[in-house]
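Next come the chains, spelled out residue by residue.
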Amino acid sequence: WTVLETRDIFAAPPWLKVQSQRVALPDGRVVDDYHRVILPDYAMMFCETEDGRVLVLRQYKHGVGAASLTFPAGTFNPGEDPFDCARRELMEETGYEAGEWRALGRYVTHANAYGNAAHLFHATNCREVAEANSGDLEEMELLLMTREELFAAAAEGQFMLTSQIGMLALVTHPILGRSMGRKV
């Protein structure tokens with residue numbers, strides 16, 4: 001696909017932009033109004049304490065209209081590197097820092113409209129060093145859960161976001177867990 005023209009049709013910085021693109025397809029057809037929705041990229045972390053428990057947040061998510069279990073995550077500050085964002089968000093949302101980090105990759109959240117990109121990390125040897133201070137609109141409850149408790153919560157539908165289920169599968173699946181990631 002070749003993008004011939006892009007125009008912004010709506011923007012609410014820094015949270016949302018909608019674009020209309022004129023796109024040439026490989027077979028010669030031209031699509032005059034292919035839409036893209038662009039949201040801020042973010043980092044998300046699967047964080048395990050020194051005793052193997054996982055940091056999980058319970059918080060209201062307006063997109064689903066309910067409280068959901070989530071892993072610590074947040075959007076980048078201007079010019080911020082994904083790894084620096086992950087470390088900052090972990091500290092802000094939980095008050096924890098990690099002894100070891102592994103980058104699990106960058107994944108786009110919507111195949112055709114883009115959406116945003118999630119930069120995923122696995123953090124281990126996490127320990128509490130400060131009070132959480134996210135400054136977010138949501139009220140968050142920090143939980144420390146075993147992997148078995150995570151699986152039970154997922155089976156009960158307590159994780160309502162596909163990104164969270166994807167992270168859980170990526171880190172805990174025996175084949176994916178061995179083959180994914182690099183130390184940072």
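See above for the structure.
Now for a quick tour of the structure.

About the cut-offs
- Residues numbered from 1 in each chain as written.
- Predicted model: local features only at pLDDT ≥ 70, side-chain atom pairs only at ≥ 80, totals over all residues.
- Heavy atoms only, no water.
- Disulfide = S-S within 2.5 Å.
- Buried < 20%, exposed > 50% of the residue type's maximum accessible area, 1.4 Å probe, protein only.
- Helix = DSSP H or I, 4+ residues; strand = E, 2+ residues; numbered from the N terminus.
- Pairing = 2+ DSSP bridges.
- Axes fitted to C-alpha atoms, helices over the stretch in contact; angles between N-to-C directions.
- Left-handed = near helix turned anticlockwise from the far one by under 90°.
- Contact = heavy atoms within 4.5 Å.
- Nonpolar A, V, L, I, M, F, W, Y, C, P; charged D, E, K, R; others polar.

**Regarding the state of the cysteines**
Here is step 1: Within the structure shown, the criterion is met by 0 disulfides.
Here is step 2: Cysteine Cys47 shares no disulfide, and the gap to the nearest cysteine sulfur, in Cys126, comes to 4.7 Å.
Here is step 3: Owing to a relative accessible area of 0%, Cys47 belongs among the buried residues under this scheme.

**Side note on the pairing of strand 4 (residues 42-49)**
Here is step 1: Buried residues dominate strand 4, accounting for 8 of its 8 residues.
Here is step 2: Across the two faces of strand 4 the burial is the same, with Tyr42, Met44, Phe46 and Glu48 and Ala43, Met45, Cys47 and Thr49 all buried.
Here is step 3: As paired elements, strand 4 and strand 10 (residues 114-128) share 7 bridges and run parallel to each other. Paired with Met44 across the bridge in strand 10 is Leu120.

**Details of the packing of helix 2 (residues 147-155) against helix 3 (residues 162-172)**
Each packed pair of helices is defined by two parameters, the angle between the axes and the distance between the axes.
Here is step 1: As a packed pair, helix 2 and helix 3 sit with axes 12 Å apart at the nearest point and diverge in direction by 145°. As helix 2 runs across helix 3, the sense of the crossing is left-handed. For the pair helix 2 and helix 3, the contacting residues are Arg147, Leu150, Phe151 and Ala154 in the first and Ile165, Leu168, Val171 and Thr172 in the second.
Here is step 2: Taken together, the residues of the contact of helix 2 with helix 3 sort by class into 6 nonpolar, 1 polar and 1 charged.

**So, unusual backbone geometry**
Here is step 1: Put simply, Pro13 and Pro14 share a cis peptide bond, and its omega is 0°.
Here is step 2: Examined against the element boundaries, Pro14 turns out to sit in the loop between strand 1 (2-12) and strand 2 (16-24).

The analysis is restricted to geometry; functional conclusions fall outside its scope.
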